[in-house]
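# A structural walkthrough
Each chain, written out:
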Amino acid sequence: MTYVDTSDITAKMFITVLLLLLIIAPLISLGVLRLFQSRKKSGFMLITGGVAVYAIFQLVMSITHT
């Protein structure tokens, strides 16, 4: 069994990833739940919101950590 070295992750990067993942995952899971409840418009809006936040997350990470 090997250990992962996390010493090179800065606190700023950790907080950014944590906060954005706390937004992305619930949006997508709530969107899927709404689709199963036959609320298609609400479900697609939540999934689209999750994808949009993910795109913003990728943009922020590419700008700040290059």
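Check the entry above for the structure.
Residues numbered from 1 in each chain as written. Predicted model: local features only at pLDDT ≥ 70, side-chain atom pairs only at ≥ 80, totals over all residues. Heavy atoms only, no water.

Attention shifts here to the overall build of the protein. A tally of helices and strands in the protein yields 2 helices and 0 strands. The globule rule puts the C-alpha radius of gyration for 66 residues at 11 Å, and the 15 Å found for the protein is more than 25% above it. The C-alpha extent of the protein, read off along each of the three principal axes, is 45 × 35 × 15 Å. Evaluated residue by residue, the protein yields a buried proportion of 12% over its 66 residues. The long-range share in the protein, meaning contacts at least 24 apart out of those at least 6 apart in sequence, stands at 45%. Carbon and sulfur atoms provide 73% of the accessible area of the protein, an area that totals close to 5400 Å². (Helix = DSSP H or I, 4+ residues; strand = E, 2+ residues; numbered from the N terminus. Rg over C-alpha atoms; globule rule 2.2 N^0.38 Å. Buried < 20%, exposed > 50% of the residue type's maximum accessible area, 1.4 Å probe, protein only. Contact = heavy atoms within 4.5 Å. Areas by Shrake-Rupley, 256 points an atom, 1.4 Å probe, with all protein chains shown as cover.)

In this section: the environment of glycine 49. Among the secondary structure elements, glycine 49 is positioned in helix H2 (residues 40-64). Using a relative accessible area of 23% as the deciding quantity, one classes glycine 49 as partly exposed. The spacing of glycine 49 and leucine 27 is 22 residues in sequence and 6.8 Å in space, taken between C-alpha atoms.

Time to look at the nonpolar core. If you look at the biggest cluster of nonpolar residues, it comprises 5 residues: Leu20, Ile24, Val53, Phe57 and Met61. Those elements that provide at least two residues to this core are helix H1 (11-36) and H2. Other than its neighbours up to four places away in sequence, valine 53 contacts Leu20, Ile23, Ile24 and Leu27. (Core = buried A, V, L, I, M, F, W, Y, C linked by side-chain atoms within 4.5 Å.)

As a further point, take the packing of H1 against H2. Axis angle and axis distance: for two packed helices, these are the angle between their axes and the distance between the axes, and together they describe the pair. The N-to-C vectors of H1 and H2 enclose an angle of 160°; their axes lie 7 Å apart at closest approach. In terms of axis orientation, H1 runs roughly antiparallel to H2. Relative to H2, H1 is oriented so that their crossing is left-handed. Here the residues of the contact of H1 with H2 are counted per class, giving 17 nonpolar, 6 polar and 2 charged. (Axes fitted to C-alpha atoms, helices over the stretch in contact; angles between N-to-C directions. Parallel < 35°, antiparallel > 145°, perpendicular 65-115°, else oblique. Left-handed = near helix turned anticlockwise from the far one by under 90°. Nonpolar A, V, L, I, M, F, W, Y, C, P; charged D, E, K, R; others polar.)

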